[in-house]
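Read off the chains here:
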Amino acid sequence: KQWYQRRVVITAGISDELDELFKKTPQYKKMIAELAESNTAKNAVAAKLDGGDSQEKMESEESGKKEEEEMVVERPSEPNDLPEDHLVIKSFVRVGDLPKHALLKNYIQGEIILFCVKKPTEALFDQIFNMLKKKMGAGEEGPTVEFSNNVNQAVMYLKATDPITHEVKIILTSGVMRDEEVNAMTIAQDKSLKVLNRSACLNALAYLRQTKWFESRMSVNLIVVLQLLKDLSKRIPAWTPLSTWSLELIVERCARVKGYSTSRHKFSPAEVLRRVFELFASGFLLLDNPGLNDPCEKDLVDVLGYLSVQEREDLTASAQYALRLMVYNQLYRILGIAQPAPGKSLSTVSRGSLPSSFKDTST
């Protein structure tokens with residue numbers, strides 16, 4: 001975690017350096033000139049309005065007061081100063097499992113989204129990547145960092161494997177891409193400026209919305225269940241196709257007291273886990289229904305719509321078998337641990353070799 005925090009601090013320093021470099025460009029000088037011209041024009045209009053107010057007051061006191069009130073309403077607002085604090089990178093936000101407190105033990109991954117003031121380009125992407133390599137790779141104490149990137153996905157990777165694997169993903173995006181209307185002219189302009197992949201940038205914005213939803217709806221008990229299901233998806237092939245976002249939605253829906261009620265969760269982790277298995281075992285993936293709607297999107301989007309027919313059948317059968325194991329008090333086989341001694345708590349049992357399926361009888 002300290003290694004990750006160090007990367008966050010360095011990323012903030014890079015934002016300041018980019019602002020200083022931008023101040024030396026012709027674009028910044030042009031922006032200053034346009035702002036000064038706009039301020040001059042608005043001040044002239046305001047002075048003219050003030051002069052008109054004084055002349056009308058000399059003619060008639062009562063009518064002057066009324067005119068003054070009208071002029072105050074119509075007077076243009078003070079011009080905004082140039083946003084010196086964010087010229088290139090507006091902000092950066094931590095997303096993913098680390099701020100959710102849902103990290104798994106043997107793999108630590110932190111994710112940062114960099115919000116650019118304008119649409120990020122390939123030139124800006126390369127500039128930030130080179131600055132990261134220069135600041136983090138040269139003469140820094142600690143594990144050796146491996147740098148890689150994927151321009152098509154607008155993502156940079158910083159990875160270290162000593163003593164355990166920990167990785168930081170940095171994704172570039174901009175809120176302008178979600179607000180603007182996409183047409184042939186916009187696409188042509190983005191192509192000429194070599195703007196990063198629009199789909200990847202929009203996915204980063206969706207990732208941020210999902211993180212905010214998680215922080216507002218998930219409790220500690222639900223995070224425990226989510227970690228168990230994420231570990232399950234890494235060990236059991238039938239559960240591998242499920243994405244982290246789909247697991248989060250399913251856990252939250254299964255913890256609701258009644259239907260679509262937003263009441264506070266009153267179930268223990270074991271009860272929520274059982275309700276998850278019951279949901280899949282009921283065959284809702286095999287039925288002709290709308291599926292699982294995404295609450296972070298304006299349009300109707302089925303979060304589980306990407307699953308194939310075979311994956312849905314395998315997942316249903318696996319959930320039915322897991323539910324039987326829970327009924328017969330064999331939860332240890334689901335968790336992938338050795339069978340506990342009679343009267344011994346599962347929390348005191350060390351994790352042995354992980355079975356490849358629930359039906360592995362080696363334990």
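Residues numbered from 1 in each chain as written. Predicted model: local features only at pLDDT ≥ 70, side-chain atom pairs only at ≥ 80, totals over all residues. Heavy atoms only, no water.

**Student:** Teacher, can you tell me more about the side chain of arginine 235 here?
**Tutor:** The residue arginine 235 is located in helix H9 (residues 220–235) in this model. Classification of arginine 235 by relative accessible area gives buried; the value is 10%. A distance of 2.6 Å separates a polar side-chain atom of arginine 235 from the backbone oxygen of isoleucine 334. (Helix = DSSP H or I, 4+ residues; strand = E, 2+ residues; numbered from the N terminus. Buried < 20%, exposed > 50% of the residue type's maximum accessible area, 1.4 Å probe, protein only. Polar contact = N/O pair within 3.5 Å; in protein donor to acceptor, adjacent residues only side chain to side chain.)

**Student:** Explain the packing of aromatic side chains here, please?
**Tutor:** For any pair of aromatic rings, the description consists of the separation of the ring centres together with the inter-plane angle of the planes. The final tally for this structure, using the stated rule, is four aromatic pairs. Among the aromatic residues, those joined into a cluster by ring pairs are Trp239, Phe277, Phe280 and Phe284. When the ring centre of phenylalanine 267 is taken as reference, the NZ or CZ atom of arginine 275 above it lies at 4.3 Å. (Phe/Tyr/Trp six-rings, centres within 6.5 Å; stacked < 30°, edge-to-face > 60°. Lys NZ or Arg CZ within 6 Å of the ring centre and 35° of its normal.)

**Student:** Explanation requested: a nonpolar patch on the surface in the structure shown.
**Tutor:** A surface patch of nonpolar side chains, amounting to about 240 Å² of accessible area, comprises Val220, Val224 and Leu228. Tracing the chain through its elements places valine 224 in helix H9. With relative accessibility at 35%, the residue valine 224 sits in the partly exposed group. (Patch = residues over 30% accessible without salt bridge, like charges linked within 9 Å, V, L, I, M, F, W, Y side chains within 5 Å. Areas by Shrake-Rupley, 256 points an atom, 1.4 Å probe, with all protein chains shown as cover. Salt bridge = Lys/Arg side-chain N within 4 Å of Asp/Glu carboxyl O.)

**Student:** Sorry, what's going on with the confidence of the model for the protein chain here?
**Tutor:** Should the pLDDT be low somewhere, the predicted coordinates at that spot are not to be read in detail. Looking at the protein chain as a whole, its pLDDT mean stands at 75, while 66% of the residues score no less than 70. The lowest-confidence element of the protein chain is helix H3 (residues 61–74), averaging 45 in pLDDT; the highest-confidence one is helix H12 (residues 309–327), averaging 92. Predicted confidence is poor over residues 65–85, with pLDDT under 50, and the contacts of this stretch with residues over four places away or in other chains come to 24 contacts. (pLDDT = per-residue confidence, 0-100. Contact = heavy atoms within 4.5 Å.)

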